[in-house]
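Residues per chain, in single letters:
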Amino acid sequence: MRKKRIRLNNETPFDIINVVFMLLLMLLILYPLWYVLIISFNEGRDAARGGIYFWPRMFSTANYLAVFKNGKILQGFFISGSRAIIGTFAAVSFTGMVGYALGHSHLMGRRFYMTLGIITMFFSGGLIPYYMLIRNLGLRNTFWVYIIPAMFNFYNMLIMMTFFRSLPKEMSESAQIDGAGYIGIFFRIVLPLSMPIIATMALFNGVYHWNDYFVAVLYIDSEKLLPIQTILFKIVAESSAANMLTQINLPDVVAQRQITSESVKMATMVITTAPIVMVYPFLQKYFVKGIMIGSIKG
Amino acid sequence: MDKPRAVVHVSPRKKTFFARLMEQWPLQVIALMGAAWLIIFSYVPLPGIYIAFSNYKVTEGVFAGAFVGLKHFSEFLTDKNLPNVLINTLAISGLNLSIGFVVPIIFALLLNELKNLRYKRMVQTISYLPHFLSWVVLGGFLISWTSEYGLINQILFQLKLIKTPTYLLSDENYFWGVALFSHLWKETGWNAILFIAAIAGVNPELYESATLDGANRFQKARYITVPGIAPTIAILFILQSAYILSSNFDQIYVLRNTLNANRSTVLDIYTYRIGIQLGRFSYSTAVGLTKSVVSLILLLITNKVSERATGSTFLR
């Protein structure tokens, strides 16, 4: 107790203001999310009456049950999950392997490969020619439109290559003397030493795949292949329209029906966000490092 | 006798072309796969920009349309929507580039002043959290928070700051504000990472000698920390200003609606709408191409400026 008081006396007014300010900042970030969470756990029609600030007024898990009973939404989660897992694995392994190959200074044609990639960072054919490419490749309305076009990213390749090149060469060289091939060295020596960059890239790719809604908007017509974000996007667009309807005073019936589903919408969003929110604090120390590597070379 | 042979093995320059190729064939296979991907997904669409100079029809091939030269470009430059679209783009990018750029720096500086390391780490971890929300989810939250009976209106009403609630996204005058604040809320913590890292890289001896000279914390922040991270600030600012014609498509696309379209239609949205939704492929490609060319010129200029100002470039 005494110790604490002494420390408090050492704090300047600025320190106290700063600590309180940061507290308010965290509140500003967390409270809106908490609000969403309690609305999602409150009975729908009751939540629509407003006035819920700290705790659900009529606690209910009905909204979540409604989400889990909805086949379309469940299918969306399944697509998103498969996409995140397969897409992340494909992107990190392919981009990483190419980064490993291009990281060798004695690779023949290295200059050509690098130039080929750097040019793509500044020129693109634009949306319409790209759309036609996807269509001509037969990727429209297939699951692979999520995976293959996102398998490689030259910028990420540069970051991974930079990391691989920063590893001490002695280990690879001694393994080579012991008769290991390039592939063996990659899997047995380079990969185990590169977990920070692998984790960073996995997180970035995983978040991209889990959060993306637009690829499906452009290339998918079949309802069965829609990821959860695209389904949500459609729900959000509808509720945005409904909000506008209430604004211009259309019959309450329309608004009423929309408002009851507001809590279900919130429940879906909570479930959509939960996996990432639970994972990222554990990967934090990696991605901070990863961003810095990227900024040094990028 | 084994060792010298192994040394020859790791310095392949002395071998013939074919022997070198054979020695590194696994690497070549991987590199070629990467090159193949790049050619298919980045180079094959490139000739497609021809449709910006022709009258492309969906039913025909890419090169079947009649060549019309710069018709679509001149049409774009005289488009009556162009001034409004440009104003929206520059206003939203400008807000992000000014306020949206300064706030993370201030956040990083204040975070640096926190003495309790565990508290500091907690603040930092929570500040990243919104970055991981998708714009679809955040858009849904924002529509709910800004709606007539949503969080923001309720709080403002309770505090007696407003008399009648309004759905913020239905009033075009609030759109830029909503775009800026949602961007700040989502990305401030994330964008501060580089500044926090730069602050950590400032030589601690400078602080020690400043303390001996009797400098207080504000003086140390002002005369050591800020100059110490100035190169980082400069290069990030210059880099971001090259993208002033680009917007956060996902953010704007989720938040826009017909009632705020007047202030929310930015160049990227406009290109998408006229292209995909209205089917004017040639015109849309011409608009996109114009934007790319301007952006590339801006990037080359800002790269030169960065070279002059900080001695470092991001293009090699």
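The rules we used
Residues numbered from 1 in each chain as written. Chains lettered and ligands numbered in written order. Predicted model: local features only at pLDDT ≥ 70, side-chain atom pairs only at ≥ 80, totals over all residues. Heavy atoms only, no water. Helix = DSSP H or I, 4+ residues; strand = E, 2+ residues; numbered from the N terminus. Rg over C-alpha atoms; globule rule 2.2 N^0.38 Å. Buried < 20%, exposed > 50% of the residue type's maximum accessible area, 1.4 Å probe, protein only. Areas by Shrake-Rupley, 256 points an atom, 1.4 Å probe, with all protein chains shown as cover. Contact = heavy atoms within 4.5 Å. Polar contact = N/O pair within 3.5 Å; in protein donor to acceptor, adjacent residues only side chain to side chain. Buried area = accessible area lost by both parts, 1.4 Å probe. Salt bridge = Lys/Arg side-chain N within 4 Å of Asp/Glu carboxyl O. Domains from an automatic or database assignment. Core = buried A, V, L, I, M, F, W, Y, C linked by side-chain atoms within 4.5 Å. pLDDT = per-residue confidence, 0-100. Axes fitted to C-alpha atoms, helices over the stretch in contact; angles between N-to-C directions. Parallel < 35°, antiparallel > 145°, perpendicular 65-115°, else oblique. Nonpolar A, V, L, I, M, F, W, Y, C, P; charged D, E, K, R; others polar. Phe/Tyr/Trp six-rings, centres within 6.5 Å; stacked < 30°, edge-to-face > 60°. Lys NZ or Arg CZ within 6 Å of the ring centre and 35° of its normal.

Some thoughts on the overall build of chain B
- In terms of regular secondary structure, chain B is built from 15 helices and zero strands.
- For a compact globule of 316 residues, the expected C-alpha radius of gyration is about 20 Å, and chain B comes in at 26 Å, more than 25% above that figure.
- For chain B, the C-alpha atoms occupy an extent of roughly 90 × 75 × 35 Å along the three principal directions.
- The buried share of chain B, taken over its 316 residues, is 48%.
- Entry remark: accessible area of chain B is about 16000 Å², with carbon and sulfur atoms responsible for 66%.

Description of the overall build of chain A
- Each helix and strand counted, chain A has 15 helices and zero strands in total.
- Counting every position in chain A, which comprises 298 residues, the buried fraction comes to 50%.
- Partitioning the contacts of chain A with sequence separation of at least 6, the portion at a separation of at least 24 is 70%.
- Taken as a whole, chain A presents about 15100 Å² of accessible surface, with 68% of it coming from carbon and sulfur.

What to know about helix α10 (residues 204-212) of chain B
- The distance from a side-chain oxygen at the start of α10(B) to the backbone nitrogen of E205(B) is 3.1 Å, and the residue carrying that oxygen is N203(B).
- In the stretch just after α10(B), G214(B) is the one whose phi turns positive, near 85 degrees.

Some details on the interface of chain B and chain A
- In this assembly, 96 residues from chain B lie in contact with 98 residues from chain A.
- Summed over both partners, the interface of chain B with chain A comes to about 8600 Å²; 75% of that surface belongs to carbon and sulfur atoms.
- The interface formed by chain B and chain A includes two salt bridges.
- As a salt-bridge pair, D15(A) and K115(B) come within 3.0 Å of each other at their nearest N and O atoms.
- Linking chain B to chain A there are 19 residue pairs in polar contact (both at pLDDT 80 or more).
- Looking at the side of chain B that touches chain A element by element, the count peaks at 16 residues for helix α3 (residues 25-43) of chain B.

Some details on helix α7 (residues 135-145) of chain B
- Counted residue by residue, α7(B) has 11 buried out of 11 residues, so it is predominantly covered.
- Regarding α7(B), the residues found buried are W135(B), V136(B), V137(B), L138(B), G139(B), G140(B), F141(B), L142(B), I143(B), S144(B) and W145(B).

A word on the pattern of salt bridges
- Scanning the model with the defined rule gives nine salt bridges over all chains in all.
- Taking the shortest distance from any N to any O, the salt bridge between D212(A) and R83(A) comes out at 3.0 Å. One end of the pair, D212(A), is in the loop between α12 (195-211) and α13 (214-219); the other, R83(A), is in helix α5 (residues 71-102), and 129 residues separate them in sequence. Note on accessibility: D212(A) and R83(A) belong to one class, buried.
- One salt-bridge network, in which partners are shared between bridges, spans D15(A), E113(B), K115(B) and R217(B).

Section: the domain arrangement of chain B
- Structurally, chain B comprises domain 1 (1-40) and domain 2 (79-279).
- Placing the centre of domain 1 of chain B and that of domain 2 of chain B at their C-alpha centroids yields a distance of 47 Å.

Structural notes on the environment of V288(A)
- Relative to the helices and strands, V288(A) resides in helix α15 (residues 252-297).
- Leave out the neighbours within four places in its chain, and V288(A) touches Y128(B) and I193(B).

What to know about the nonpolar core
- L102(A), Y146(A), M157(A), F287(A), F132(B), F141(B) and W145(B) are the most contacted members of the largest nonpolar core, which totals 145 residues.
- Counting residues per element, this core draws most heavily on helix α9 (residues 175-200) of chain B, at 12 residues.
- Contacts of M157(A), omitting those with residues within four sequence positions, involve T95(A), V98(A), G99(A), L102(A), M114(A) and F152(A).
- In this structure, F76(B), L82(B), L267(B) and Y270(B) belong to the second largest nonpolar core, which totals eight residues.

Let's talk about the confidence of the model for chain B
- Confidence in the prediction of chain B, expressed as mean pLDDT, is 85, and 93% of residues score 70 or more.
- Note on residues 1-8 of chain B: pLDDT under 50 across the span, and one contact to partners over four residues away in sequence or across chains.

What about the packing of helix α11 (residues 182-193) of chain A against α12(A)?
All names here are of chain A.
- Direction vectors running N to C along α11 and α12 enclose 75 degrees, while the axes themselves pass 5 Å from each other. The angle between α11 and α12 places the two elements in the roughly perpendicular class. Seen from α11, the contacting residues are L191, P192 and L193; seen from α12, they are M195, P196 and I198.
- For the contact of α11 with α12, the per-class residue count stands at six nonpolar, no polar and no charged.

A short note on the packing of aromatic side chains
- Per the counting criterion, the structure on display carries 38 aromatic pairs over all chains.
- Both rings, one in F214(A) and one in Y253(B), keep their centres 5.7 Å apart while their planes meet at 85 degrees; by these two values the pair is edge-to-face. Of this pair, F214(A) sits in helix α13 while Y253(B) sits in helix α12 (residues 249-255), which puts the two residues in different chains.
- Following the ring pairs from residue to residue traces out a cluster consisting of Y213(A), F214(A), F233(A), F249(B), Y253(B) and Y272(B).
- A cation over an aromatic ring shows up here: R263(B) above the ring of W176(B), its NZ or CZ 5.4 Å from the ring centre.
- The lysine or arginine in question, R280(B), covers the ring of Y283(B), its NZ or CZ lying 4.4 Å from the ring centre.

Description of unusual backbone geometry
Residues and elements named next belong to chain A.
- Positioned with a positive phi, N141 is a non-glycine residue whose angle comes to about 60 degrees.
- Tracing the backbone shows N141 in the loop between α7 (127-136) and α8 (144-147).
- On the basis of relative accessibility, which here comes to 31%, the residue N141 falls in the partly exposed class.

Concerning the side chain of D15(A)
- Looking at where D15(A) falls in the secondary structure, it is placed in helix α2 (residues 13-40).
- D15(A) has contacts with E113(B), K115(B) and R217(B), leaving out every residue within four places of it along the chain.

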